[in-house]
Amino acid sequence: MNKPHRRSLAAQVKEQLIQKGLEMRLKQMDAAPATRPRQEDAAVPEAFTRFDQQPGFRQVRMMREGARRFGVENPFFHVHAGTAAAHSEIAGHPVINYGSYNYLGLSGHPRVNAAAKAAIDRYGTSVSASRIVAGERPLHRDLEQSIAELYGVDDALVMVSGHGTNISLIGHLLGPKDIVLHDEYAHNSILMGIQIARAQRFSFRHNDMADLERLLQKHRHRAERLLIAVEGIYSMDGDYPDLPSLIHLKKRYGAWLLIDEAHALGVVGQRGLGIAEHFGIDPREADIWMGTLSKSLAACGGYVAGEKALIENLRYLAPGFLYSVGMSPPVAAAAQAALDLLKAEPERVATLQARGAYFFDRIRALGLDTRSSAGIAIIPVIFGSSLHAVHLSSELLRRGVHVQPIIYPAVPEKQARLRFFLSSTHSQADIDITLDALRACL
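Residues numbered from 1 in each chain as written. Predicted model: local features only at pLDDT ≥ 70, side-chain atom pairs only at ≥ 80, totals over all residues. Heavy atoms only, no water.

Q: Any chance you could explain the overall build of the protein chain here in plain terms?
A: Within the protein chain, the secondary structure is distributed over 17 helices and 14 strands. A total of 442 residues make up the protein chain; the buried ones form 47% of that total. Excluding contacts between residues fewer than 6 apart, the proportion of contacts in the protein chain whose partners are at least 24 apart in sequence is 70%. In the protein chain, the 50 positive side-chain charges and the 46 negative ones have mean positions that sit 10 Å from each other. (Helix = DSSP H or I, 4+ residues; strand = E, 2+ residues; numbered from the N terminus. Buried < 20%, exposed > 50% of the residue type's maximum accessible area, 1.4 Å probe, protein only. Contact = heavy atoms within 4.5 Å. Lys, Arg positive; Asp, Glu negative; His and termini not counted. Charge placed at Lys NZ, Arg CZ, Asp CG, Glu CD.)

Structure below.
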């Protein structure tokens, strides 16, 4: 009685083996090229043809796997409901928000919103062309003139991307015979601009004017044009450079000075007019002022301000401007309205600086490391471990406080941190609640 069953089972196993063999053969035939490959084609490794084998993706996958193993939630790409302000909503829960650049609370301001809506009604949502051909609109030139007046220089130019502004500016102005000396903490957009220009670059120690002069002495004679690139406020550490010394050095060694004021405009100086106002220096003493419209000015894009020859050169020849569509009308109108409010309501700047000082003093009283922050609007708290910073960020979020961790490789592992962006719309009560939550987490 059992023999037929055994024969049937053996037959089934045989069929399965045959079927698997056929399937493997079919897969081999499908994978094989129709003709015999050339030796050089066959030698191309998968790492050069598959996106999932690229170093960047593999790094992301390793980060995710590491987070999973340590039981850490992904601290990035949280979806916020509503306007980026001192308060937000994440996954249906209200939070005190320290993750946005809305320093003066102008994003969402009724006058800014109204200006953007009026621009849409008059000009539409896009100018639909490069400005040099058919994309020029009155509000572009009005905004540029306002920025030039703010800095007291001849002219300004706005572009559709803040990051792209530095790339196009540096990439167009400089070439292989030129040198850029930049602060070691300079923004990625500055480094990418140097790469596009194919200029030589050397970094000096952060805010170290003696080290900068050492590089000037060593390299100035080797370059046709030499650019010194710094930031008005450094977005990672919240500190600023010694502008008087920079101007002295750039004059002494015949260099250009570029100051990236992305985080400085609206933040530094009694009226928020930037680092030149803070030091009481005529902005025309520097050569190139660059900044973004996406932070204090509640819009998006970048600007360059300086003498007429510089701006005309960029306006007609800089690829990032020449070959890009003109700035969207509602964006330009929003930036103009925000700039008008910055000038008309200096109390916003005073409130921001007061909130920053209040937060800074109490963080320091807890014995926490804020590095060299000036305590104005950007206050890092160093924890020296990426894992620790991510855990703290997640725990604070559960307690109703949103603050982003900055971890390796964005900063060295020993400098992993939580980075707090203050706004004029944060109240002292918000800050006290945040400090209580931080104490509890620690």
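Let's pick the thread back up.
Q: Can you walk me through the nonpolar core in this structure?
A: Generally speaking, a soluble globular protein has its nonpolar side chains buried in company with each other. I147, Y151, L212, I228, L257 and L293 are the most contacted members of the largest nonpolar core, which has 90 residues in total. For this core, the leading source of residues is helix α14 (residues 329-344), giving 9 residues. Ignoring any residue separated from it by four or fewer positions in sequence, one finds L212 in contact with L181, F204, I228, L246 and L249. The next biggest cluster of nonpolar side chains, apart from the first, holds 23 residues, and it includes M159, A229, L258 and A318. (Core = buried A, V, L, I, M, F, W, Y, C linked by side-chain atoms within 4.5 Å.)

Q: Help me understand the sheet that holds strand β12 (residues 401-402), please; the structure alone is not making it clear to me.
A: Strands pair in a sheet through their backbones, by hydrogen bonds, and they do so in one of two ways: parallel or antiparallel. Read across the open sheet, the 4 strands follow the order β1-β2-β3-β12; overall the sheet is mixed. The outermost strands of the open sheet, each flanked by one partner alone, are β1 (80-81) and β12. Here strand β3 (residues 93-97) pairs with β12 via 2 bridges, running parallel. Opposite N97, over in β12, you have H402 as the bridge partner. The strands touched by helix α17 (residues 428-441) are β2 (87-90), β3 and β12; relative to β3, the strand with the most contacts, the crossing angle is about 100°. (Pairing = 2+ DSSP bridges. Axes fitted to C-alpha atoms, helices over the stretch in contact; angles between N-to-C directions.)

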